[in-house]
Amino acid sequence: MVPDDGREAVQAKLSRNPGVLVISHGSPDEHWVALVEAAVAEAAGDLPAGIPLACAFLEAVEGRLIQDGIDRLESQGVTDMIVIPLFVSSGSTHIDEIAYALGVKDTPEMETDLERFRVSARVFFGDPIDDGPLVAEMVWDKVKGLSVRPEREVLLLVGHGSKHPGFLQRWERGIASLAAQCAGLAGLAGGADYALLNPDSVRSKVRYWSEERGMDVIVAPLFLSAGYFTKVTIPSRLEGLPHRYSGEALLPHPLAARWMSQQILNIMGSLTR
């Protein structure tokens, strides 16, 4: 016979209703938003049938903001909300403020305009992209066509970075790890390195590798989707320097959906234990 507390625990598990909220930054560029939505829709195909899923944005997408996503999921009876922060780095201050607004942490590390969201479900907060084999493969896939002489090339990842102490270190830790993983995958003589837009190290890194080390520099932008940073900011920092740059961001790429679905399924697995 199952003890009363055991029956209650079993019943609680049976009454749980998981759902998924994928949060990204958002953009007034409809194409930017469409690429994110397409990746999320593809990830949904890898999940158990019937799992409620919503794609929400921190800003710039009217009617699709984070509170809208929460309300949509809870109206479907979601009690366990798996939140995937679809941001490139854990060094983003947005990760901190979203976690605070969702009640995952008591106080934000940085001042934020975000107020606490109305949320009744239990929140299970996932991880941003940062690094990993799937991410490294995405990065290299986007630029490998630029490689013509691997015996004298280096891959340079360029990320946004941060001016805030603590957040900058998280940016550096993640992108340095990703660069090492890309180096092992690409097999270029110079391996892989990274530079940040903030604080700006792009020109100094390109000059180092091209002038001091005699390497051809392949530049890979570490951004979720193409936009102002990939089309304007990075090219302006590279102007006048020898380099190869396609400007392709991570999306679209089928492995982005796999990265999301793997994390969602891992968290769902923990809910049943």
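Residues numbered from 1 in each chain as written. Predicted model: local features only at pLDDT ≥ 70, side-chain atom pairs only at ≥ 80, totals over all residues. Heavy atoms only, no water.

A. Spotlight on the pairing of strand β2 (residues 53-57). In terms of burial, β2 is largely enclosed, as four of its five residues are buried. A crossover connection joins strand β1 (residues 18-24) to the parallel β2 through helix α2 (residues 30-44); in handedness this β-α-β unit is right-handed. (Buried < 20%, exposed > 50% of the residue type's maximum accessible area, 1.4 Å probe, protein only. Helix = DSSP H or I, 4+ residues; strand = E, 2+ residues; numbered from the N terminus. Right-handed = clockwise from strand over helix to strand, strands pointing away.)

B. Structural view of the sheet that holds strand β8 (residues 244-245). If you trace the four strands from one edge of the open sheet to the other, you get β6-β5-β7-β8, paired in parallel fashion. The open sheet is flanked by β6 (192-198) and β8, the only strands paired with a single partner. Where strand β5 (residues 153-161) lies against strand β7 (residues 216-221), six bridges are found, and the strand directions are parallel. Within the sheet, the bridge partner assigned to L155 lies in β7 and is I218. Sheet strands touched by helix α5 (residues 133-143): β5 and β7. Its angle to β7, the strand with the most contacts, is close to 125°. (Pairing = 2+ DSSP bridges. Contact = heavy atoms within 4.5 Å. Axes fitted to C-alpha atoms, helices over the stretch in contact; angles between N-to-C directions.)

C. Molecular detail of the packing of aromatic side chains. Evaluated as defined, the whole model comprises three aromatic pairs. Geometrically, the ring pair formed by F223 and F229 is stacked, given 5.4 Å between the ring centres and 15° between the ring planes. The exposure class of F223 is buried, given its relative accessible area of 10%. Plain terms: the ring middles of Y228 and F229 are 6.4 Å apart, the flat faces sit at 80° to each other, and that makes the pair edge-to-face. Residue classification places F229 among the partly exposed positions, given a relative accessible area of 34%. Ring-pair connections join several aromatic residues into one group, and the members of that group are F223, Y228 and F229. Its end group placed over the ring of F167, R170 keeps NZ or CZ at 4.8 Å from the ring centre. (Phe/Tyr/Trp six-rings, centres within 6.5 Å; stacked < 30°, edge-to-face > 60°. Lys NZ or Arg CZ within 6 Å of the ring centre and 35° of its normal.)

D. Representation of the sheet that holds strand β3 (residues 80-85). The strand order across the open sheet built from four strands is β2-β1-β3-β4, with neighbouring strands paired in parallel fashion. Bordering the open sheet on either side are β2 and β4 (122-125), each of which pairs with just one other strand. Across this sheet, the average inter-strand angle for adjacent strands is 25°, counted without regard to direction. Relative to β3, β1 runs parallel, the two sharing six bridges. Considered in β3, the bridge of P18 is made with D80. Together, β1, β2 and β3 form the strand contacts of helix α3 (residues 66-74), whose direction differs from that of β2 by roughly 165°. Docked against the sheet, helix α9 (residues 254-271) engages β1, β3 and β4, running at close to 150° with respect to β3.

E. Local environment of the side chain of D96. Along the chain, the position of D96 falls in helix α4 (residues 93-101). On the accessibility criterion, D96 (5% relative accessible area) is buried. Not counting residues within four places of it along the chain, the set of residues in contact with D96 comprises K105, P108, E109, M110 and F167.

F. Examining α9 more closely. An ideal rise of 1.5 Å per residue puts 26 Å on 18 residues; α9 measures up with 26 Å between its terminal C-alpha atoms. Of all the residues in α9, the buried ones are L255, A256, A257, W259, M260, S261, Q263, I264, I267, M268 and L271. Those residues of α9 that are buried are in contact with β1, α2, β3, β4 and α5. (Expected span 1.5 Å × (residues − 1).)

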